[in-house]
Amino acid sequence: MIGVFDSGLGGLSVLAAIARSLPLTDLVYFADTAHVPYGDRDDTFIRQRVLRIGHHLADSGCRQIVVACNTATAAAVAVLRESLPEIPVVGIEPGVKPAVAASKSGRIAVLTTPSTARSERLARLIRQHAKNTHVDVLPCPGWATRVETLNLSDADFAAAARRHLEPALEAGADQIVLGCTHYSFLSPVLEPIATGRAALVDVANAVARQCVRLAHSSQGASGRLTLLASAHPERLQASFPVLGLSHLAPRLAGPARLVTA
Ligand code: DGL
């Protein structure tokens, strides 16, 4: 069984990729909806939440844990690995490396939460993989919350997103990295802005490939999906049709449950 978690709905974009790659593996998804968004929190708070949730998933029988959140990975994947040495922990980081490889203009933009934007981990990733590429890091406050409210196609937001991206696109950025798992669900708004100028870079499938490499045998499992949330579990399930995830509904083991981890 693989445990996947995020502050809220964003990690469902990663869960969908994992579910596609491992159709027979049992999956648990934990949304920390009582504490979303993480992107405005300090590192100490995020570390506490990551340790609590990681241990809850491990105690529930997960043999692999996926931190489906760039913010939580940047702040806390190292402490979670230290704290659960016997369990493989997969994190997610903005796709700077693939974006640099694909860029023809030598300029890319990375969209992240405020917390990820100021993290040492992102700075290191850029130093390692973008030596000769100009990187515009664009914090996007409020965007994850917009996904949480399922208010995805509001005209004012589309206009604000265009204004936010325009300077980097004008300057020649030809890759837009979705450096927060929530932003995958904003692709319908971001695609028309980027079209003809830049590609959106999402690493959910790369994370799923890593899960496949680390996966134990799924013998005895049946591909069931359990949904847990620290607040409003019913909203987690209700988001599936809006987020284009209805195909996952047949895997549900039952209604989403409230967990006070
Ligand atoms: N989905 C998360 C990420 O990938 C965090 C969003 C938030 O809670 O601010 O960064």
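Scroll up a little and you will see the structure.
Rules behind the numbers
- Residues numbered from 1 in each chain as written.
- Predicted model: local features only at pLDDT ≥ 70, side-chain atom pairs only at ≥ 80, totals over all residues.
- Heavy atoms only, no water.
- Core = buried A, V, L, I, M, F, W, Y, C linked by side-chain atoms within 4.5 Å.
- Buried < 20%, exposed > 50% of the residue type's maximum accessible area, 1.4 Å probe, protein only.
- Helix = DSSP H or I, 4+ residues; strand = E, 2+ residues; numbered from the N terminus.
- Phe/Tyr/Trp six-rings, centres within 6.5 Å; stacked < 30°, edge-to-face > 60°.
- Lys NZ or Arg CZ within 6 Å of the ring centre and 35° of its normal.
- Pairing = 2+ DSSP bridges.
- Near = heavy atom within 4 Å.
- Polar contact = N/O pair within 3.5 Å; in protein donor to acceptor, adjacent residues only side chain to side chain.
- Areas by Shrake-Rupley, 256 points an atom, 1.4 Å probe, with all protein chains shown as cover.
- Nonpolar A, V, L, I, M, F, W, Y, C, P; charged D, E, K, R; others polar.
- Axes fitted to C-alpha atoms, helices over the stretch in contact; angles between N-to-C directions.
- Parallel < 35°, antiparallel > 145°, perpendicular 65-115°, else oblique.
- Left-handed = near helix turned anticlockwise from the far one by under 90°.
- Contact = heavy atoms within 4.5 Å.

Section: the nonpolar core
Piece 1. In terms of nonpolar packing, the biggest core is built from 56 residues, with Leu12, Ile18, Tyr29, Val66, Leu111 and Trp143 touching the most fellow members.
Piece 2. Counting residues per element, this core draws most heavily on helix 1 (residues 12–21), at seven residues.
Piece 3. With 24 residues, the next largest nonpolar core counts Val28, Tyr38, Val50 and Leu228 among its residues.

A look at the packing of aromatic side chains
Centre distance and the angle of the planes are the two values used to describe a pair of aromatic rings.
Piece 1. Applying the stated criterion across every chain, the model contains two aromatic pairs.
Piece 2. When the centroid spacing of 5.3 Å and the interplanar angle of 80° are considered together, the rings of Trp143 and Phe157 count as edge-to-face. Of this pair, Trp143 sits in helix 7 (residues 143–148) while Phe157 sits in helix 8 (residues 155–170), and the two are 14 residues apart along the sequence.
Piece 3. On the basis of relative accessibility, which here comes to 6%, the residue Trp143 falls in the buried class.
Piece 4. Its relative accessible area of 5% is what places Phe157 among the buried residues.
Piece 5. Between Trp143 and Tyr183, the ring centres sit 5.5 Å apart and the planes meet at 65°, which makes this aromatic pair edge-to-face. Taken together, the residues Trp143 in helix 7 and Tyr183 in the loop between strand 7 (175–178) and helix 9 (187–194) connect sequence positions 40 residues apart.
Piece 6. Joined through ring pairs, the aromatic side chains of Trp143, Phe157 and Tyr183 make up one cluster.
Piece 7. Above the ring of Phe45, the side-chain terminus of Arg41 is found at 4.2 Å from the ring centroid.

Overview of the sheet that holds strand 10 (residues 257–258)
Adjacent strands of a sheet pair through backbone hydrogen bonds, lying either parallel or antiparallel.
Piece 1. Reading across the sheet, the six strands line up as 4-3-1-2-9-10 and stay open at both edges, with parallel pairing between neighbours. The outermost strands of the open sheet, each flanked by one partner alone, are strand 4 (89–90) and strand 10.
Piece 2. Summarising the sheet, strand 3 (residues 64–67) and strand 4 pair through two bridges and their orientation is parallel. By the bridge assignment for strand 4, Val66 is matched with Val90.

Digging into the site of the ligand
Piece 1. Neighbouring the ligand are 14 residues; Ser7, Tyr38, Gly39, Thr71 and His182 lie closest to it.
Piece 2. At 2.7 Å, a side-chain N or O of His182 approaches a nitrogen atom of the ligand.
Piece 3. Here the ligand, which alone exposes 300 Å², has 99% of that area covered by the protein.
Piece 4. Across the shell around the ligand, the residue classes tally to six nonpolar, seven polar and one charged.

Observations regarding the pairing of strand 9 (residues 225–229)
For a regular strand, side chains alternate in direction, first toward one face of the sheet and then toward the other.
Piece 1. Of all five residues making up strand 9, five are buried, and the element is well covered by its neighbours.
Piece 2. Judged by which residues are buried, strand 9 turns out to be covered on both faces: Leu225, Leu227 and Ala229 on one side and Thr226 and Leu228 on the other are all buried.
Piece 3. As paired strands, strand 2 (residues 27–31) and strand 9 are joined by five bridges and run parallel to one another. Note that in strand 9 the partner of Val28 across the bridge is Thr226.
Piece 4. Examined bridge by bridge, strand 9 and strand 10 share two bridges and lie parallel to one another. Among the inter-strand pairings, Leu228 is bridged to a residue of strand 10, identified as Arg257.

Points about the packing of helix 2 (residues 43–59) against helix 3 (residues 70–83)
Piece 1. Contact geometry for helix 2 and helix 3: axes closest at 9 Å, N-to-C directions at 50°. With respect to helix 3, the element helix 2 is oriented oblique. For the pair helix 2 and helix 3, the crossing hand works out as right-handed. Residue-level contacts link Asp43, Ile46, Arg47, Val50, Leu51, Gly54 and His55 of helix 2 to Thr71, Ala72, Ala75, Ala76, Val79, Leu80 and Ser83 of helix 3.
Piece 2. For the contact of helix 2 with helix 3, the residue count by class is eight nonpolar, four polar and two charged.

Observations regarding the side chain of Ser239
Piece 1. Note that Ser239 resides in helix 11 (residues 233–242).
Piece 2. Among all residues touching Ser239, those that are not within four sequence positions of it are Leu9, Leu12 and Leu150.

Re the sheet that holds strand 5 (residues 107–112)
Piece 1. With parallel pairing, the four strands of this open sheet are ordered in space as 6-5-7-8. Since the sheet does not close on itself, it has two edges, and those belong to strand 6 (134–139) and strand 8 (199–201), each with one partner. Pairwise comparison of adjacent strand axes, ignoring direction, gives a mean angle of 25° for this sheet.
Piece 2. One ladder, built from three bridges, connects strand 7 with strand 8; its direction is parallel. Looking at strand 8, one finds that Val177 is bridged to Val201.

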